[in-house]
Amino acid sequence: MAKWHAMLEYIQFPLKVLFFATILLGIGNSIINPNISYMWDVKNEVVILISEMMRYSGGFLIQIFPLLVFLVILTRKFEDAVPVFIGFVSYVVISLVILFLENNDAPSYFYGNMLGIQISFHADSIFEEVTRIPYNTGILSLIVAYVITMYSYLKSRHYSMHGILSFIDHDAWAMILSVFFSVLAGIVFAFGWPLVITGINYFYSFLAHDLLSPINLFLYGISERVSAIFSLQEIPRSAFWLGELGGSATDNFGIPYLGDVNTWYAYQNLGIVTTNAGHLLTPYYLINIFLIPGFLLGYYSLVDSKRDRKRYFLFFVIAIALSIICGNSLPMEILMLILAPLLYIVYLLIVGLLYAGLQMAGVSIGYWFEGSLMVANPGSLLDLVPFFRNPDMSYSFGMMIGIGLAVMLVFFLLTRTYFKHFSVSLFNLSTRKEITHRVVKALGGFENIRVLTSTPDKLTVELHHRDKVDFDALRAEGAYLILESKDGYLIRLGNLSTVVAKEIKKQMKQLPSV
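Residues numbered from 1 in each chain as written. Predicted model: local features only at pLDDT ≥ 70, side-chain atom pairs only at ≥ 80, totals over all residues. Heavy atoms only, no water.

## Examining the overall build of the chain
- For the chain, the helix and strand inventory stands at 19 helices and 8 strands.
- What you see for the chain is a C-alpha radius of gyration of 26 Å, in line with the 24 Å of a compact globule of 514 residues.
- Across its three principal directions, the C-alpha atoms of the chain cover 85 × 75 × 45 Å.
- The buried share of the chain, taken over its 514 residues, is 52%. (Helix = DSSP H or I, 4+ residues; strand = E, 2+ residues; numbered from the N terminus. Rg over C-alpha atoms; globule rule 2.2 N^0.38 Å. Buried < 20%, exposed > 50% of the residue type's maximum accessible area, 1.4 Å probe, protein only.)

## Observations regarding the pairing of strand β6 (residues 458-463)
- Sheet analysis places strand β5 (residues 449-455) next to β6, joined by 6 bridges and oriented antiparallel. In the sheet register, leucine 452 faces β6, and the bridge partner there is valine 461.
- Connecting β5 to the antiparallel partner β6 that follows it, the hairpin turn spans 2 residues.
- Note: β6 against strand β8 (residues 488-492), 3 bridges, orientation antiparallel. Looking at the pairing, leucine 459 lines up with isoleucine 491 of β8. (Pairing = 2+ DSSP bridges.)

## Regarding the packing of helix α5 (residues 81-101) against helix α7 (residues 170-209)
- Two elements in contact, α5 and α7, have axes separated by 8 Å at closest approach and are oriented at 30°. If you check the angle between α5 and α7, you find them roughly parallel. As α5 packs across α7, the resulting crossing turns out to be right-handed.
- The residue inventory of the contact of α5 with α7, partitioned by class, reads 18 nonpolar, 4 polar and 1 charged. (Axes fitted to C-alpha atoms, helices over the stretch in contact; angles between N-to-C directions. Parallel < 35°, antiparallel > 145°, perpendicular 65-115°, else oblique. Left-handed = near helix turned anticlockwise from the far one by under 90°. Nonpolar A, V, L, I, M, F, W, Y, C, P; charged D, E, K, R; others polar.)

## Here we look at the pattern of salt bridges
- Evaluated as defined, the whole model comprises 10 salt bridges.
- Its salt-bridge partner being arginine 225, residue glutamate 333 comes within 2.8 Å of it at the nearest N-O pair. Here the residue glutamate 333 occupies a position in helix α13 (residues 330-339), and arginine 225 occupies one in helix α8 (residues 214-229), the gap between them amounting to 108 residues.
- Using a relative accessible area of 0% as the deciding quantity, one classes glutamate 333 as buried.
- For arginine 225, a relative accessible area of 3% translates into the label buried.
- Residue aspartate 308 is joined to lysine 458 by a salt bridge in which the shortest nitrogen-to-oxygen separation is 3.3 Å. Placement of the pair is aspartate 308 in helix α12 (residues 306-326) and lysine 458 in strand β6, with a sequence separation of 150 residues. Neither residue differs from the other here; aspartate 308 and lysine 458 are each classed as buried.
- Shared partners join several salt bridges into a network, and the residues in it are Glu224, Arg225, Arg237 and Glu333. (Salt bridge = Lys/Arg side-chain N within 4 Å of Asp/Glu carboxyl O.)

## Quick word on the pairing of β8
- Counting buried residues in β8 gives 5 out of 5 residues, a clear majority hidden from the surface.
- The pairing of strand β7 (residues 481-485) with β8 spans 5 bridges and is antiparallel. In the strand pairing of β8, glutamate 484 is matched with tyrosine 489.
- Turn length for the β7-β8 hairpin, with the two strands adjacent in sequence and antiparallel, is 2 residues.

## A word on the environment of lysine 155
- Take lysine 155: it is sitting in helix α6 (residues 140-156).
- The sequence separation of lysine 155 and threonine 131 amounts to 24 residues, and the corresponding C-alpha distance is 38 Å.

## Examining the sheet that holds β6
- Spatially, 4 strands are ordered β5-β6-β8-β7 in an open sheet, and the strand pairing comes out antiparallel. Each edge of the open sheet is held by one strand with a lone partner, namely β5 and β7. Looking at each pair of strands side by side, their axes are set apart by 15° on average, direction ignored.
- Across the face of the sheet, helix α19 (residues 497-509) comes into contact with β5 and β6 while running at roughly 145° to β5. (Contact = heavy atoms within 4.5 Å.)

## Focus: the nonpolar core
- Ranked by size, the top nonpolar core spans 113 residues in total, and within it Phe240, Trp241, Leu291, Phe295, Ile334 and Tyr347 carry the most contacts.
- Take this core: its biggest share by element is 12 residues, from helix α11 (residues 282-301).
- Setting aside residues no more than four positions away along its own chain, phenylalanine 295 makes contact with Met332, Leu335, Met336, Leu343, Phe411 and Thr415.
- Core analysis: the second largest hydrophobic core is formed by 23 residues, Val440, Phe446, Ile491 and Ala501 among them. (Core = buried A, V, L, I, M, F, W, Y, C linked by side-chain atoms within 4.5 Å.)

## Some details on empty space enclosed by the protein
- This model, assessed by the stated rule, comprises 1 cavity of 30 Å³ or more.
- Size it by volume and the largest cavity reaches roughly 70 Å³.
- What lines the largest cavity is Phe19, Thr22, Ile292, Leu296, Ala319, Leu322, Ser323, Asn328, Pro331 and Met332.
- The dominant element in the lining of the largest cavity, judged by the number of residues it contributes, is α12, at 3 residues.
- Split into classes, the residues belonging to the lining of the largest cavity amount to 7 nonpolar, 3 polar and no charged. (1 Å grid on protein atoms, 1.4 Å probe; cavity = no way out; pocket = protein on both sides within 12 Å on 5 of 7 lines; lining within 4 Å. Points joined across faces, edges and corners; volume = space filled by probe spheres on them.)

## Quick notes on helix α14 (residues 341-360)
- Taking 1.5 Å per residue, 20 residues should reach 28 Å; α14 reaches 29 Å between its end C-alpha atoms and fits that length.
- Immediately beyond the C-terminal end of α14, within one or two residues, lies glycine 362, with a positive phi of roughly 75°. (Expected span 1.5 Å × (residues − 1).)

## Looking at the side chain of threonine 453
- Checked against the element boundaries, threonine 453 lands in strand β5.
- Assessed through its relative accessible area of 16%, threonine 453 is described here as buried.
- Setting aside residues no more than four positions away along its own chain, threonine 453 makes contact with Asp304, Ser305, Lys458, Leu459, Thr460 and Lys505.

## Quick notes on helix α4 (residues 65-78)
- If you check α4, its first and last C-alpha atoms are 20 Å apart, about what 14 residues at 1.5 Å a residue would give, namely 20 Å.
- For α4, the set of buried residues is Phe65, Pro66, Leu67, Val69, Phe70, Val72, Ile73, Leu74 and Phe78.
- Glutamate 79, located one to two residues past α4, shows a positive phi value of around 55°.

Shown next as structure tokens:
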């Protein structure tokens, strides 16, 4: 589990980039949001150009986030530029092999690439230009490229530079091995991925058969958020938001509209309030405006040091405001997954229940946007503004606020409860007292602890005698980062931190001599 929590240290910089990207995307969308054009209608071409640059820059950074994580992990793992370069080449080779060998008969939303790799050529048999795009494999091809890079680089270090191939050095041999295995991996993806597509199509067809069913919406909600973690979110969004699987409608001129986003737009133009459209977008408002802020408030409430509270205050204010006003839950979902996997599972269940419950309650508030899916950012407070003046939406608003506040309170309490009581038992067979005993012993005993503070992912300990600290014992308990400062030691124990700190303080109070 320590290695899993250590991922947070590896992806810290990419997460900051992702957070910055959501700011760019949110601000860019806010300026030219068509839903609030009656409040401000931007006509200045320079402002429009800057806004488009911001939102597409943000969207692109979000799209390549897994690639940034991939490169950063390789950099931190080896502290050498060679495996980073080899890893990037491996990913490109896998994508190119898939591109040339894949079947081109799947729905268009199953094709895509983080780097936008595609080729156009003339097919001699039919004398027409053909454009090929590799399968959208999300982070899976990156994981394979990482494994290939690790194996190739480590194997090359044992390569003997003798004989007729002595002119090939270790780095070149690592590249050769990587390209060879990447080609094999690309072949496997090209011929194996259609089986995955078949399974996804079967699942989507099952959901679309009765998309108003609470059970189907429960399953859709969970699968859609999981797909975002795997960087595959454009598949369900294209299929259901913009495709026939999300429903259809026809306006007074006989123009057909496909997908939940477009049917919602059609019904709005016709002045019809309905729960048959917008139900795939409504939960986003509760996720961004209530659920994610509930998690952030719960997390911040567990920071027991005044210094840390002051230090983190502005970040949490910005994060909550960004989630409410601009709307994008992905950065917090990734943080939750790495830091608190069990809490993330509970989060997914709540999201699924929101999809089902809102449909059963007859609450439907959709979303409409202009541009590609890369810049779609549903569920912000600004997207709700045009509906404030619509009396026909008052029921949906009232129910959404009531349900949202309840969900926020529940998840706030669940976040606190998880970090204070349940973060030990999921992957650790030891009791909290056993873990605490070993941590205290590694710190030199209770008598060596002067001041102890904590956050949900770290301990800060001021000691009387620093030379009594057993760093190996702390690492054995899951400490993946230990930093020394003038105030003592910052020890990142992951989600054990709050539980251990609470138990240490409890036991210290029972020791009059301490």
